[in-house]
Amino acid sequence: MSSLIPGAEPLSHAAGSSVGVLVLHGFTGNPGSMRGLAEACVAAGFDVEMPLLAGHGTKVEDMVPTRWSDWTADADAAWTRLAARCETTFVAGLSMGGSLPLWLGAEHPELRGLVCVTPATTPLDDAVLGALTAMV
């Protein structure tokens with residue numbers, strides 16, 4: 001694995017709160033894009049988990065072999081850590097990270113709230129898929 005991009009570090013904050021927030025970054029992003037939200041949750045006294053999703057935070061070649069199942073596994077593991085110490089949990093995410101709360105909510109109905117910022121929820125148009133394929 002390549003060196004981590006500065007600012008892409010994950011965050012785990014245990015405040016001893018009964019309320020926890022899982023914060024998820026988007027596809028091709030890293031925790032730096034969501035750090036402001038995570039730090040606001042920390043400042044409000046909440047427990048916070050903000051993982052670095054598989055293949056992200058380094059270089060694109062590290063992301064190419066990763067799949068949805070890798071990112072759901074990372075999100076689920078982070079939620080499990082948070083739920084083990086908090087009575088009430090929420091999850092917030094951006095873009096693909098905004099889709100992960102929907103998946104987590106389906107898997108864990110005990111989640112108390114989902115915040116989905118510009119979630120990727122529909123299949124991409126063929127023209128968009130073609131452009132992405134050409135870039136890769």
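Summary of the structure given here. It should be emphasised that the depicted structure is a prediction, and the values quoted were computed from it without experimental measurement.

Here is what the cut-offs are and how they apply
- Residues numbered from 1 in each chain as written.
- Predicted model: local features only at pLDDT ≥ 70, side-chain atom pairs only at ≥ 80, totals over all residues.
- Heavy atoms only, no water.
- Core = buried A, V, L, I, M, F, W, Y, C linked by side-chain atoms within 4.5 Å.
- Buried < 20%, exposed > 50% of the residue type's maximum accessible area, 1.4 Å probe, protein only.
- Helix = DSSP H or I, 4+ residues; strand = E, 2+ residues; numbered from the N terminus.
- Contact = heavy atoms within 4.5 Å.
- 1 Å grid on protein atoms, 1.4 Å probe; cavity = no way out; pocket = protein on both sides within 12 Å on 5 of 7 lines; lining within 4 Å.
- Points joined across faces, edges and corners; volume = space filled by probe spheres on them.
- Nonpolar A, V, L, I, M, F, W, Y, C, P; charged D, E, K, R; others polar.
- Patch = residues over 30% accessible without salt bridge, like charges linked within 9 Å, V, L, I, M, F, W, Y side chains within 5 Å.
- Areas by Shrake-Rupley, 256 points an atom, 1.4 Å probe, with all protein chains shown as cover.
- Salt bridge = Lys/Arg side-chain N within 4 Å of Asp/Glu carboxyl O.
- Pairing = 2+ DSSP bridges.
- Right-handed = clockwise from strand over helix to strand, strands pointing away.

1. Describing the nonpolar core
L22, L24, L53, V91, L100 and L104 are the most contacted members of the largest nonpolar core, which totals 14 residues. Elements with a contribution of two residues or more to this core: β2 (19-24), α3 (68-85) and α4 (96-107). The element contributing the most residues to this core is α3, with five residues. Leaving out residues up to four positions away in the same chain, L24 has contacts with M34, P51, L53, A75, V91, A92, G93, L94, G97, L100, P101 and L104. One finds V21, V23, M34 and V48 within the second-largest nonpolar core, a separate group that totals seven residues.

2. Comments concerning the layout of surface pockets
Of the pockets and cavities examined, the largest pocket occupies roughly 670 Å³. F27, T28, M63, W71 and L132 are, among the 19 residues lining the largest pocket, the residues nearest its centre. Secondary structure elements with two or more residues in the lining of the largest pocket: α2 (60-63), α3, α4 and α5 (126-135). For the lining of the largest pocket, the per-class residue count stands at 13 nonpolar, five polar and one charged.

3. Brief notes about a nonpolar patch on the surface
Taken together, the side chains of L124, V128, L129, L132 and M135 present a nonpolar region at the surface, about 450 Å² in accessible area. Locating L129 in the fold gives a position in helix α5. Classification of L129 as partly exposed rests on a relative accessible area of 38%.

4. Quick look at the pairing of strand β3 (residues 47-50)
Successive residues of a regular strand alternate their side chains across the two faces of the sheet. The alternating pattern of β3 places D47 and E49 on one face and V48 and M50 on the opposite face, and all of these are buried. Pairing between strand β1 (residues 11-13) and β3: three bridges, direction antiparallel. Following the sheet pairing, L11 is matched in β3 by M50. Alignment of β2 against β3, held across three bridges, turns out to be parallel. Each bridged residue has a counterpart across the sheet, and for G20 the counterpart in β3 is D47. Handedness of the crossover joining β2 and β3 through helix α1 (residues 35-43): right-handed.

5. A look at the environment of V64
Topologically, V64 is positioned in the loop between α2 and α3. For the pair V64 and A83, spaced 19 residues apart in sequence, the C-alpha to C-alpha distance is 30 Å.

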